[in-house]
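Architecture and fold: a report
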Amino acid sequence: MKHEERKQHQTHDADTFLEYRKKQEQVHLNRIKGSTNPLDAILTIELNTTELCNRKCVFCPRHDSSVYPNRNLNMSVDTAEKIAKHLADANYTGRISFSGYSEGLLNKSFPDIVFTFRKHLKDNLLECNTNGDMLKRKPQLILDIYNAGLSMFYINLYDGPEQASTFVKLMDEAGVSKSKYSLRAHYNLKDYGLKLNNRSGVIDWIGFEDHDIEALKGKPCHYPFYKMFVDWNGDVLFCSNDWGKERKIGNIAKQTLEEVWMADDMKEIRQRLKHGDRSQSPCNKCSVKGDLFGKPSFDLINKHYESSDNRND
């Protein structure tokens with residue numbers, strides 16, 4: 001690999017990726033320009049397009065198939081169409097992240113799903129997290145997915161730094177600009193290049209103790225204020241860390257964005273987490289700090305509730 005390629009494609013760890021996300025957040029804040037619309041608090045809508053993965057990473061519930069088994073459940077293009085239309089109808093300006101609890105490229109309709117979202121969301125950032133295995137097996141997928149409208153690939157390197165040159169070569173051969181993909185290092189045995197967490201208590205084999213969770217009591221969590229998580233069938237979970245899928249608040253394929261995002265259940269959850277009340281499941285089992293990101297969205301939503309409550313008094 002040439003020196004310039006190495007320099008441009010340094011692999012990102014958890015800290016550098018957090019800073020990258022904060023820069024993206026600032027771009028979003030500049031775009032909405034002080035909006036008081038609570039829908040503008042949504043920075044990311046994360047989509048779980050399949051319940052399949054070809055790996056069993058130790059920091060993931062899929063490491064133990066008795067805890068989180070593979071299931072051949074996939075988002076259909078029809079479901080994607082309904083979701084994308086609801087987002088477009090609401091003038092959603094945030095990011096779409098094809099990620100979730102799976103390897104999205106195992107959904108055979110993935111390029112068509114990307115195309116469907118791009119058809120309705122002309123200017124939104126559409127990004128995809130992948131382990132890259134399918135890109136190596138079927139290099140044509142790279143062009144198929146970018147041509148469908150993807151903005152950015154985040155390729156997770158799980159096996160070692162030597163993977164980087166393989167993906168740089170694949171992208172070069174496909175004619176993909178270096179600005180349209182990023183390599184993330186997840187092979188460090190200390191922390192896997194992640195802000196490690198216990199996936200809302202679903203896993204118990206990576207060293208989190210009860211006192212780690214106890215220490216978070218009384219501290220607010222921003223996740224339900226800035227991110228929406230959508231499952232393969234359109235179900236919306238209250239939090240992307242709810243791997244046990246305990247709290248479903250609606251279905252974005254059947255409801256509008258406002259109906260789901262501003263649901264009474266979400267208000268109840270947010271009011272508790274605003275004050276650091278993590279007493280209800282799955283929050284009472286979760287080791288996620290929750291305040292590293294999303295403070296402007298947290299403030300926007302809380303101001304909206306305060307204003308609405310004052311008008312109703």
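A brief structural summary. (Residues numbered from 1 in each chain as written. Predicted model: local features only at pLDDT ≥ 70, side-chain atom pairs only at ≥ 80, totals over all residues. Heavy atoms only, no water.)

1. Thoughts on the overall build of the chain
Selection criterion: Secondary structure elements are taken from DSSP: a helix is a run of H or I of four residues or more, a strand is a run of E of two residues or more, and numbering for both begins at the N terminus. The globule rule used for comparison is 2.2 Å times the number of residues to the exponent 0.38, while the radius of gyration itself is calculated over C-alpha atoms. Three labels apply to residues, based on accessible area from a 1.4 Å probe with only protein chains included: buried if under 20% of the type maximum, exposed if over 50%, partly exposed otherwise in between. Here a residue-residue contact requires only that any non-hydrogen atoms of the pair lie within 4.5 Å. Each accessible area value is a Shrake-Rupley result obtained with a 1.4 Å probe; residue values ignore everything except the protein chains displayed when judging cover. Here the positive residues are Lys and Arg and the negative ones are Asp and Glu; neither His nor the chain ends is included. Think of each charge as sitting on NZ of Lys, CZ of Arg, CG of Asp or CD of Glu.
For the chain, the count of helices and strands is twelve helices and eight strands. Taken against the 2.2 N^0.38 rule, which gives 20 Å for 313 residues, the C-alpha radius of gyration of the chain at 19 Å falls within 12% of a compact globule. Dimensions along the principal axes, computed over C-alpha positions, put the chain at roughly 65 × 45 × 40 Å. When each of the 313 residues of the chain is scored for burial, the buried share is 54%. Considering only contacts in the chain between residues 6 or more positions apart, those separated by 24 or more positions represent 77%. When the accessible area of the chain is evaluated, it comes to approximately 14,600 Å², of which 48% is carbon and sulfur surface. Here the chain contributes 46 positively and 44 negatively charged side chains, and the mean placements of these two sets differ by 3 Å.

2. Concerning the pattern of salt bridges
If charged atoms from side chains of opposite charge come close, those side chains can pair. The condition that has to hold: Salt bridge, as used here: a side-chain nitrogen of Lys or Arg that lies within 4 Å of a carboxyl oxygen of Asp or Glu.
Within the structure shown, the criterion is met by 24 salt bridges. Its salt-bridge partner being Glu51, residue Arg62 comes within 3.7 Å of it at the nearest N-O pair. One end of the pair, Arg62, is in the loop between strand E1 (44–47) and helix H3 (77–89); the other, Glu51, is in the loop between E1 and H3, and eleven residues separate them in sequence. Look at Arg62 and you get buried, because its relative accessible area is 2%. A cluster of three or more residues bridged by salt bridges with shared partners is formed by Glu51, Arg62, Arg71, Asp231 and Lys245.

3. Points about the nonpolar core
Among soluble globular proteins, nonpolar side chains are generally buried collectively. What counts here: Nonpolar cores were defined as sets of buried Ala, Val, Leu, Ile, Met, Phe, Trp, Tyr and Cys residues, with membership established by side-chain atoms within 4.5 Å.
Counting residues in hydrophobic clusters, the biggest one holds 71 residues, and the most contacted among them are Ile45, Leu87, Ile96, Phe98, Phe117 and Phe153. With six residues, helix H7 (residues 163–174) is the single largest residue contributor to this core. Residues in contact with Ile96, not counting those within four places in the same chain, are Ile45, Leu47, Leu87, Phe117, Leu121, Leu125, Leu126 and Glu127. If you look at the next biggest cluster of nonpolar residues, it comprises ten residues, including Cys60, Tyr101, Leu194 and Leu237.

4. So, helix H11 (residues 264–274)
Test applied: The arc under discussion is defined with respect to the helix axis, by the directions toward the C-beta atoms.
Along H11, the positions that sit buried rather than exposed are Met266, Ile269, Arg270, Arg272 and Leu273. Looking down the long axis of H11, one finds its buried residues gathered within 160 degrees of arc, a one-sided arrangement. Buried residues along H11 sit in contact with helix H9 (223–226), strand E8 (248–251), helix H10 (257–261) and helix H12 (295–312). Just beyond H11, the residue with positive phi is Gly276, at close to 75 degrees.

5. Here we look at the sheet that holds strand E2 (residues 95–98)
Test applied: The pairing criterion for strands is at least two bridges between them, as found by DSSP. Between N-to-C directions, angles cover 0 to 180 degrees, with each direction set by a line fitted to C-alpha atoms, over the stretch in contact for helices.
Pairing is mixed across the open sheet formed by eight strands, whose spatial order is E5-E4-E3-E2-E1-E6-E7-E8. Across the chains shown, the open sheet's two edge strands, defined by having one partner strand only, are strand E5 (181–185) and E8. Adjacent strand axes in the sheet meet at a mean angle of 25 degrees, parallel and antiparallel pairs treated alike. Those strands touched by helix H2 (residues 14–32) are E2, strand E3 (126–130), strand E4 (152–157) and E5, and its axis lies near 165 degrees from that of E4. Against the sheet, helix H4 (residues 110–120) touches E1, E2 and E3, its axis set at about 175 degrees to E2.

6. Things to note about the side chain of Ser99
On the secondary structure map, Ser99 appears in the loop between E2 and H4. Classification of Ser99 as buried rests on a relative accessible area of 16%.

7. What to know about the environment of Pro139
Checked against the element boundaries, Pro139 lands in the loop between helix H5 (133–137) and helix H6 (140–148). It is 31 Å that separates the C-alpha atoms of Pro139 and Ala253, two residues lying 114 residues apart in sequence.

8. A few points about unusual backbone geometry
In this model, Ser281 is joined to Pro282 through a cis peptide bond whose omega is 5 degrees. Take Pro282: it is sitting in the loop between H11 and H12. Despite not being glycine, Asn91 has its phi angle at roughly 55 degrees, a positive value. Residue position: Asn91 is located in the loop between H3 and E2. Given a relative accessible area of 59%, Asn91 falls into the exposed group. The phi dihedral of Ser200 falls on the positive side, at around 55 degrees, and the residue is not glycine. Looking at the element boundaries, Ser200 is found in the loop between E5 and helix H8 (210–214).

9. Observations concerning the packing of H3 against H4
Heads up, the condition is: Here the word oblique covers every angle except those under 35 degrees (roughly parallel), over 145 (roughly antiparallel) and from 65 to 115 (roughly perpendicular). A clockwise turn of the near helix away from the far one marks a right-handed crossing, whereas an anticlockwise turn of less than a right angle marks a left-handed crossing.
Between H3 and H4, the shortest axis-to-axis distance is 9 Å and the interhelical angle comes to 20 degrees. Taken together, H3 and H4 sit at an angle that is classed as roughly parallel. When the axes of H3 and H4 are compared, the crossing they make is right-handed. Packed against H3, whose contacting residues are Val77, Ala80, Glu81, Ile83, Ala84, Lys85, Leu87 and Ala88, the element H4 presents Asp112, Ile113, Thr116, Phe117, Lys119 and His120 at the interface.

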